[in-house]
Amino acid sequence: MNYEQSFKLWQSDGEAFWSDAAKALQWDKPFKTAWQQAPSGGGHWFPDGELNLCYNAVDRHVDEGRGEQIALIYDSPVSNTKAQYSFADVQSEVAKLAGAMQSMGIVQGDRVVIYMPMIPQASFAMLACARLGAIHSVVFGGFSSLELAKRIDDAQPKLVMSASHGIEPGRLVEYKPLLDEALAQAAHQVDNCLIWQRPGCELTLQAGRDRDWASAVEVSAPVGCVSLPSTHPLYILYTSGTTGISKGVVRDTGGYATALHWSMEAIYGARQGDVFWAASDIGWVVGHSYIVYGPLLAGCTTVMYEGKPVGTPDAGAFWRVIEEYRVKVLFTAPTAFRAIKKEDPRAELLEQYNLSHFEALFLAGERGDPDTLRWANKILDRVVIDHWWQTELGWPAVANFRGLGLLPVEYGSAGKPVPGFDVVILDEQHNELPLGEGGDIAIRLPLAPGSFPTLWNNDEGFRKSYLDAHPGFYNTGDYGHFDQHGNLYVMSRTDDIINVAGHRLSTGAIEEAVGEADDVAECAVIGVADPLKGTVPIALVVAYSEFKGSEQDLSAAVIKMVREKIGAVASLKTVIQVSRLPKTRSGKILRATMRKIADGESYTVPGTIDDPAILDEIAASFKRLGR
Ligand code: COA
Ligand code: AMP
């Protein structure tokens, strides 16, 4: 079946389309109903069916005779470690870990926070939760203890699973002290912590609360998979909203498993036995869907890479991994390729490697700039596919389709709507706009399986954030247009979210942190173009009149505060001290105008500005920084 046929089939009867796709999974209790409205206004797929995602991703392959196939490859240039686990190995690791968790009182519905580096134990932890029906919430290692504490308070976990440390190039990130600090800050009391002690930096465990992971697993008995309703929450994943409070995106089980399984072949062209590598982090949705669950559901071998595209040790790192493990499909963010291009513009390191097994590169997480995509295509001589999705949707909503006959690739566009997603462009009055006209990117309800049914304990927030803007549609928060051939161009956000090196951040949240620095009277944070990270935040800061220090002092204090409040991932490196901020007469800060000045775009001075001269001061500051 080709893309057009598949899309038409879905349009003619979406419930039948997805019911058919769901048959690829092993159901403990078959579903009779395909879709049901959820109280939030979102939807539940296969609500009366029962299954276990860990069973489908792991045990099933063992039961069907593929136990010896490699399921997970761990490659860590930062710790000089490599390991491979067959499906039978993963089953044994996960069953024993689930046993240890069960002995600590973890049962179906309990929340478990996972704060871990990119090591196999992190995947085992997620799968062990899925095995027991515990709801995991993975927190990216680059977040501060305060961000971790906020997530602990919202998810209210019984157990936190963590590790002694992560490894960033040139430094150890000690997770245990960050975790201790977070637990001290959180109002919610966690019963137990299970700590994986990595070699090189073993930390003291707190008696009564912390348990050594390896010893707990050693004495535990393996446990089997619990049958769960398809609507059971598999995980909560917090993502940036427009304020300092992140949104707890809920993912349910049956719809997600169906969508991921379908996508592996239809979109990525990956089949049982193929090696699939998503070079991301388990802390992001890409890691959940395409490092852990998707490839394993499809019986692929997944690669877990603890390293960077450059510097670990050089810009040939990706080519080395592709060659060594015969990777067929690579998925990463465009920023990774910009980093490689910067270090090795002629891709000379590529000549040392044999990439004959490699077939396709997929990019997402931020706008795929045509220059980078063309460069990747030129050096690799393979198809390069940009595709678009969000944490909320769980898997791609707009893509190209290696399993349905590849469509012509248009650089700059994220491709065509995936069956299951009726993507439209709307104006402010909710009218559908014709091809070529820009507006809000929205998706007609119901959303495809795999997309979120609600926010954790917050149906009202779900409706307010996503459904109220355009009745009958899910509002993506992105702005863009379709071209005459139906290709979607995602151009920008309609809110204050920015994508920094493929990491989703809110300038509003960074602004809140900047405002907490001692000498800051007023501030604005804007996202400006960056040749490596796509976008980076810049803070413009007005100090209190009594502040007598230098701009460097102020800048250092602000950067420290943002690292403490949000974490290193916020990537705030530039702080500009200004005498005042440009505002309209009604007091609205002119962030968009400042961004245009910083990016060298043309702008008009708004008629409502209270003091036009300040824009010259700001332009001069940007110029001083070489912008
Ligand atoms: N734990 C602790 N700290 C982390 C971390 C983690 N898991 N991940 C990142 N950080 C830190 C980094 O060390 C860095 O700290 P620094 O400012 O002290 O140097 C900071 O957070 C910002 O990280 P990042 O934005 O990733 O920048 P970088 O300079 O370390 O690397 C790239 C830049 C482009 C090489 C890297 O972002 C990359 O490989 N991106 C592509 C893949 C990807 O991750 N995509 C995500 C979504 S698909
Ligand atoms: P996240 O939830 O972290 O996956 O971030 C989702 C947001 O990243 C989207 O709403 C877009 O703003 C942006 N994004 C993701 N993929 C793309 C893409 N292929 N092109 C343009 N923007 C993208």
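Check the entry above for the structure.
Below is a summary of the structure that appears in this document. (Residues numbered from 1 in each chain as written. Chains lettered and ligands numbered in written order. Predicted model: local features only at pLDDT ≥ 70, side-chain atom pairs only at ≥ 80, totals over all residues. Heavy atoms only, no water.)

Scanning the protein chain for helices and strands turns up 18 helices and 31 strands. Whereas a compact globule of 627 residues would reach a radius of gyration of roughly 25 Å, the protein chain reaches 24 Å, a difference of no more than 12%. Dimensions of the protein chain, computed from C-alpha atoms along their principal axes, come out at roughly 75 × 60 × 55 Å. Put simply, the protein chain has 627 residues, and 59% of those count as buried. For the protein chain, contacts bridging at least 24 residues in sequence account for 70% of all contacts bridging at least 6. (Helix = DSSP H or I, 4+ residues; strand = E, 2+ residues; numbered from the N terminus. Rg over C-alpha atoms; globule rule 2.2 N^0.38 Å. Buried < 20%, exposed > 50% of the residue type's maximum accessible area, 1.4 Å probe, protein only. Contact = heavy atoms within 4.5 Å.)

Per the counting criterion, the structure on display carries 39 aromatic pairs. Seen from their ring centres, Y235 and Y256 are 5.5 Å apart, and the 80° between their planes marks the pair as edge-to-face. Taken as a pair, Y235 in strand β14 (residues 233-239) and Y256 in helix α9 (residues 254-266) lie far apart in primary sequence, 21 residues in all. There is no split in this pair, since Y235 and Y256 are both buried. A centroid spacing of 6.1 Å and a plane angle of 40° characterise the contact between Y290 and F331, whose relative ring orientation is tilted. Here Y290, found in helix α10 (residues 285-297), pairs with F331, found in strand β18 (residues 329-332); they are 41 residues apart in sequence, far enough to count as distant. A relative accessible area of 0% places Y290 in the buried class. (Phe/Tyr/Trp six-rings, centres within 6.5 Å; stacked < 30°, edge-to-face > 60°.)

What follows concerns the pattern of salt bridges. The final tally for this structure, using the stated rule, is 39 salt bridges. Across the pair R320 and D75 runs a salt bridge, and its minimum N-O distance is 2.7 Å. Here the residue R320 occupies a position in helix α11 (residues 317-325), and D75 occupies one in strand β4 (residues 70-76), the gap between them amounting to 245 residues. Since its relative accessible area comes to 18%, R320 is described here as buried. When salt bridges that share partners are traced, they join D75, K82, R320 and E324 into one network. (Salt bridge = Lys/Arg side-chain N within 4 Å of Asp/Glu carboxyl O.)

Turning our eyes to something else, we now look at the nonpolar core. Counting 118 residues, the largest nonpolar core has M101, Y293 and W395 as its most contacted members. Of the residues forming this core, the biggest block, nine residues, is contributed by helix α5 (residues 120-132). (Core = buried A, V, L, I, M, F, W, Y, C linked by side-chain atoms within 4.5 Å.)

Another point: the site of ligand 2. Surrounding ligand 2, one finds 14 residues, the nearest of these being D386, T391, D478, R493 and R504. With respect to ligand 2, the side chain of D386 contributes an N or O atom lying 2.8 Å from a nitrogen atom. Residue R493 places a side-chain N or O atom 2.7 Å away from an oxygen atom belonging to ligand 2. Calculation on ligand 2 without its partners gives an accessible area of 490 Å², and the protein chains cover 93% of this total. Of the residues assigned to the shell around ligand 2, the class counts are three nonpolar, five polar and six charged. (Near = heavy atom within 4 Å. Polar contact = N/O pair within 3.5 Å; in protein donor to acceptor, adjacent residues only side chain to side chain. Areas by Shrake-Rupley, 256 points an atom, 1.4 Å probe, with all protein chains shown as cover. Nonpolar A, V, L, I, M, F, W, Y, C, P; charged D, E, K, R; others polar.)

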